[in-house]
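# Coordinate analysis (summary)
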Amino acid sequence: MAKFKTENLQQTEALGKRIAEKLTGNEVIAFFGDLGAGKTTITRSIVKALESDNDVSSPTFAIVNEYKGKFNIYHFDMYRISGWDDLYSTGFFDYLDNGILIIEWSENIENALPDKYIRICIEKGASDTERIFDVEGLEI
Ligand SMILES: Nc1ncnc2c1ncn2[C@@H]1O[C@H](COP(=O)(O)OP(=O)(O)OP(=O)(O)O)[C@@H](O)[C@H]1O
Ligand SMILES: [Mg+2]
């Protein structure tokens, strides 16, 4: 596990870019962390680094947004998902192995994550703009 502290938005964006550079096209990235932790922010920089021009926003109502860049990217927001029926209805299992999955609110679907995935837990730090990222499952 590696820990990274970012002190502002720009550093979080730079971390996203570093993560993106290691991706090969079939990963599951599961974000854990509260409202405002920075899940969408770092997702945006990962998607941008994967050469996508698509706008990135939390797919809270749509549940999944699709972006096209260097790879197919599926951005999930599991905030409203509670239980297997909900999850099946999003098509989550059909997306696995068909591109990069980036998941916000992985807390709600933790039991459904595949054996191998990149786990990123974000916590707020001492100041308003400080964030601590715990990254497991990817060497960066
Ligand atoms: N170091 C930092 N890294 C990331 N975001 C930061 C940082 N410092 C301040 N912020 C701010 O924190 C907020 C993060 O919001 P973001 O939408 O990315 O959170 P989220 O985890 O996706 O929340 P939600 O659960 O509501 O989807 C933004 O307003 C951003 O400007
Ligand atoms: Mg979000």
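Above: the structure in question.
Calculation criteria
- Residues numbered from 1 in each chain as written.
- Chains lettered and ligands numbered in written order.
- Predicted model: local features only at pLDDT ≥ 70, side-chain atom pairs only at ≥ 80, totals over all residues.
- Helix = DSSP H or I, 4+ residues; strand = E, 2+ residues; numbered from the N terminus.
- Rg over C-alpha atoms; globule rule 2.2 N^0.38 Å.
- Buried ≥ 20, exposed ≤ 12 C-beta atoms within 10 Å, placed from the backbone.
- Contact = placed C-beta atoms within 7 Å.
- Near = placed C-beta within 6 Å.
- Nonpolar A, V, L, I, M, F, W, Y, C, P; charged D, E, K, R; others polar.

Below, the discussion takes up the overall build of the protein. If you tally the helices and strands in the protein, you get 4 helices and 7 strands. When the helices and strands of the protein are placed in sequence order, the string is β-α-β-α-β-β-α-α-β-β-β. In terms of overall size, the protein behaves like a compact globule, its C-alpha atoms giving a radius of gyration of 14 Å where 140 residues would be expected to give roughly 14 Å. Once the C-alpha set of the protein is aligned to its principal axes, its extents read approximately 40 × 30 × 25 Å. By the burial criterion, 32% of the 140 residues in the protein qualify as buried. Of the contacts made within the protein by residues no fewer than 6 positions apart, 63% connect residues no fewer than 24 positions apart.

Before going further, it helps to spend a moment on the site of ligand 1. Around ligand 1, 16 residues are found, and the nearest of them are Thr12, Gly38, Lys39, Thr40 and Thr41. Sorting the residues of the shell around ligand 1 by element identifies helix H1 (9-21) and helix H2 (39-49) as the ones contributing at least two each. Here the shell around ligand 1 gets 3 residues from one element, more than from any other, and that element is H2. Partitioning the shell around ligand 1 into residue classes produces 3 nonpolar, 10 polar and 3 charged.

Another aspect to go through is the environment of Asp134. By the secondary structure assignment, Asp134 is in strand E7 (residues 131-136). The class for Asp134 is partly exposed, based on 15 C-beta atoms found within 10 Å. Taking the C-alpha atoms as reference points, Asp134 and Thr90, separated by 44 residues in sequence, lie 27 Å from one another.

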